[in-house]
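# Report on the structure
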Amino acid sequence: MALSLTLPTASGALAPYALRGTAPVKPEAGVKFNRIAYSAAHVVADPLAAVDPWLQCAVDWDTTIAYRRHLFSLGLGVAEAMDTAQRGMGLDWPTSLELIRRSLDAAKDVPGALVASGCGTDHLNIDDVKSVDDVIRGYEEQMAAIEALGGKLIVMASRALARVAKSPADYERVYDRILRQAKQPVVLHWLGDMFDPALAGYWGTKNVDAAMDTALSIIAAHPDKVDGIKISLLDKDKEIAMRRRLPKGVRMYTGDDFNYAELIAGDGFGSEPTHGKSDALLGIFDAIAPAASAALGALAQGNSEKFHAILGPTVPLSRHIFAAPTRFYKTGVVFMAWLNGHQKHFTMVGGQQSTRSLQHFAELFRLADAANLLEQPELAVRRMKTLLALHGVEG
């Protein structure tokens, strides 16, 4: 007999729902991917800590690092201390640095494990930032701390820079200084304002094509210091256009949580391999990790039909999790980890579990079932019923 429960509908009514998904796909062991794939990973809050959740950050370190080990076991790299980890939305810089240190230590136990870590300016009091020199010093401080741990950098988009920069030339100056000092090639990070409204007009203009020109000119000036660029604009055509213009060997890391399947599969454009496909640095890979691993394994074995068959059904779920206001997507990612038994509670740093409605969670549950992503269906149903009961829905 199928598992069932009562879920709210879009109209606010209640209706029975019977699970119809099949068992989640299991990745084949030992398959080497032909794409670099980072999962931006979430943090697990400590619900027993005596803190004020909106003001203080308490992390369950053991469970947080256990989830990174889970991602490593699936062949996925970890993009650490990024926006998926609530960077700038509950996770402060001292806690971020500790997270980076612990993740790098965990990776040492896993041959070939990839970790790249977010380097930004979020430790600065933004009201005290008056010039691009202040921004440069902020980046340099975090850069030195991460590189002292042996970490690879993801140079995160800076709210402070977006606030004080007066022209594209200011961006060029900042990134020139940072890239010249980098000990190893970095990943640049372009996050659209749908993810963070404070980043509107990044690269010195609200015109995306002009902004792209500036970013490309920075990369072209330092191709040996740029491993790739991760863009999250939720516009596949813009990503493809930029991908085709990158210098030889510089990768496009898709951050498009709406269109990742086709962007990773690629279009085979041109003779330069990195122009015809995207690698991945995605928040959604946290929520769909087994499916992402299995799909990437199929792609590496030349089975693009299987790749799309596995990953395609996850796209509606991802579009729901990343629906506007997109910055609240972290709540859906953590909800999936709770449903699937990777953590014991649905509590988030900063109290962010409150950013989505019960209707949103109900639809997320249905879409996860449809995408065959419920790893322990009985547990998922019990936990969904717990959330429903907290909202006054019994049965």
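Residues numbered from 1 in each chain as written. Predicted model: local features only at pLDDT ≥ 70, side-chain atom pairs only at ≥ 80, totals over all residues. Heavy atoms only, no water.

## Some remarks on the sheet that holds strand E10 (residues 279-282)
Sheet strands line up and pair through hydrogen bonds in the backbone, either parallel or antiparallel. What the eight strands build is a closed barrel, ordered E3-E4-E5-E6-E7-E8-E9-E10; its pairing is parallel. Between one strand axis and the next, the sheet turns by 25° as a mean value, whatever way the strands run. With three bridges connecting them, strand E3 (residues 37-40) and E10 associate as parallel partners. Looking at the pairing, Ala37 lines up with Ala280 of E10. With respect to the sheet, helix H5 (residues 168-181) is in contact with strand E6 (152-155), strand E7 (186-191) and strand E8 (226-232), its orientation differing from that of E7 by roughly 155°. This element, helix H7 (residues 236-243), spans E7, E8 and strand E9 (251-254) of the sheet and lies at about 165° to E9. (Pairing = 2+ DSSP bridges. Helix = DSSP H or I, 4+ residues; strand = E, 2+ residues; numbered from the N terminus. Axes fitted to C-alpha atoms, helices over the stretch in contact; angles between N-to-C directions. Contact = heavy atoms within 4.5 Å.)

## As for the layout of surface pockets
Estimates place the volume of the largest pocket at around 410 Å³. Lining the largest pocket we find 23 residues, and of these Arg87, Gly88, Asp122, Arg159 and Asp196 sit closest to its centre. Elements with a contribution of two residues or more to the lining of the largest pocket: helix H4 (159-164) and E7. Looking at the lining of the largest pocket residue by residue, the class counts come to eleven nonpolar, five polar and seven charged. Here the second largest pocket is characterised by a volume of approximately 290 Å³. Forming the boundary of the second largest pocket are 16 residues, of which Phe33, Gly75, Leu76, Gly112 and Leu114 lie nearest the centre. Here the lining of the second largest pocket is built from residues that sort into ten nonpolar, four polar and two charged. (1 Å grid on protein atoms, 1.4 Å probe; cavity = no way out; pocket = protein on both sides within 12 Å on 5 of 7 lines; lining within 4 Å. Points joined across faces, edges and corners; volume = space filled by probe spheres on them. Nonpolar A, V, L, I, M, F, W, Y, C, P; charged D, E, K, R; others polar.)

## A few points about empty space enclosed by the protein
Within this structure, the stated rule accounts for two cavities of 30 Å³ or more. Taken as a whole, the largest cavity holds about 60 Å³ of empty space. Among the elements of the structure, E8 and E10 are those that each provide at least two residues to the lining of the largest cavity. Its residues placed into classes, the lining of the largest cavity shows six nonpolar, four polar and three charged. What the second largest cavity holds in volume is close to 30 Å³. Mapped onto the lining of the second largest cavity, the elements with two or more residues apiece are helix H9 (284-287), helix H10 (289-300) and helix H13 (329-339).

## Considering the environment of Gly270
By the secondary structure assignment, Gly270 is in the loop between helix H8 (260-265) and E10. For the pair Gly270 and Arg244, spaced 26 residues apart in the sequence, the C-alpha separation amounts to 8.0 Å.

## A short note on the state of the cysteines
Summed over all chains, the structure comprises zero disulfides. No disulfide involves Cys57; its sulfur sits 19 Å from that of Cys119, the nearest cysteine. Using a relative accessible area of 0% as the deciding quantity, one classes Cys119 as buried. (Disulfide = S-S within 2.5 Å. Buried < 20%, exposed > 50% of the residue type's maximum accessible area, 1.4 Å probe, protein only.)

## Some remarks on the packing of helix H1 (residues 61-73) against helix H2 (residues 93-107)
One can describe the packing of H1 onto H2 by two numbers: an axis separation of 10 Å at closest approach and a directional angle of 45°. With respect to H2, the axis of H1 lies oblique. Crossing angle aside, the handedness with which H1 passes H2 is right-handed. Within the contact between the two elements, H1 uses Trp61, Thr64, Ile65, Arg68, Arg69 and Phe72 and H2 uses Thr95, Glu98, Leu99, Arg102, Ser103, Ala106 and Ala107. The class makeup of the residues in the contact of H1 with H2 is six nonpolar, three polar and four charged. (Parallel < 35°, antiparallel > 145°, perpendicular 65-115°, else oblique. Left-handed = near helix turned anticlockwise from the far one by under 90°.)

## Description of the nonpolar core
Within the largest apolar cluster, 122 residues are counted, with the highest numbers of intra-cluster contacts made by Tyr202, Phe285 and Phe365. Ignoring anything within four residues of it in the chain, the contact list for Phe285 reads Ala37, Tyr38, Ser39, Leu71, Leu76, Tyr260, Ile264, Ala280, Ala292 and Leu296. (Core = buried A, V, L, I, M, F, W, Y, C linked by side-chain atoms within 4.5 Å.)

## Some details on the pairing of E3
For a regular strand, the rule is simple: side chains alternate between the two faces of the sheet. Both faces of E3 are covered, namely the face carrying Ala37 and Ser39 and the face carrying Tyr38 and Ala40. In the sheet, E3 pairs with strand E4 (residues 77-80) via three bridges, with the strands oriented parallel. Opposite Tyr38, over in E4, you have Gly77 as the bridge partner.

## With respect to the packing of aromatic side chains
Within the structure shown, the criterion is met by 17 aromatic pairs. On the numbers, 6.4 Å between centres and 80° between planes, the contact of Tyr17 with Phe365 is edge-to-face. Of this pair, Tyr17 sits in strand E2 (residues 14-18) while Phe365 sits in helix H14 (residues 358-370), placing them 348 residues apart in sequence. Aromatic side chains Phe195 and Tyr329 sit 6.0 Å apart centroid to centroid with 80° between the ring planes, which places their arrangement in the edge-to-face category. Here the residue Phe195 occupies a position in the loop between E7 and helix H6 (208-221), and Tyr329 occupies one in helix H13, the gap between them amounting to 134 residues. The pair Phe195 / Tyr329 is uniform in exposure class, with both members buried. Through successive ring pairs, a cluster of aromatic residues spans Tyr139, Tyr171, Tyr175, Trp190, Tyr202 and Trp203. The aromatic ring of Phe269 is capped on one face by Arg244, whose charged end is 4.0 Å from the ring centroid. The cationic tip of Arg327 hangs over the ring face of Phe328; the distance from NZ or CZ to the ring centre is 4.8 Å. (Phe/Tyr/Trp six-rings, centres within 6.5 Å; stacked < 30°, edge-to-face > 60°. Lys NZ or Arg CZ within 6 Å of the ring centre and 35° of its normal.)

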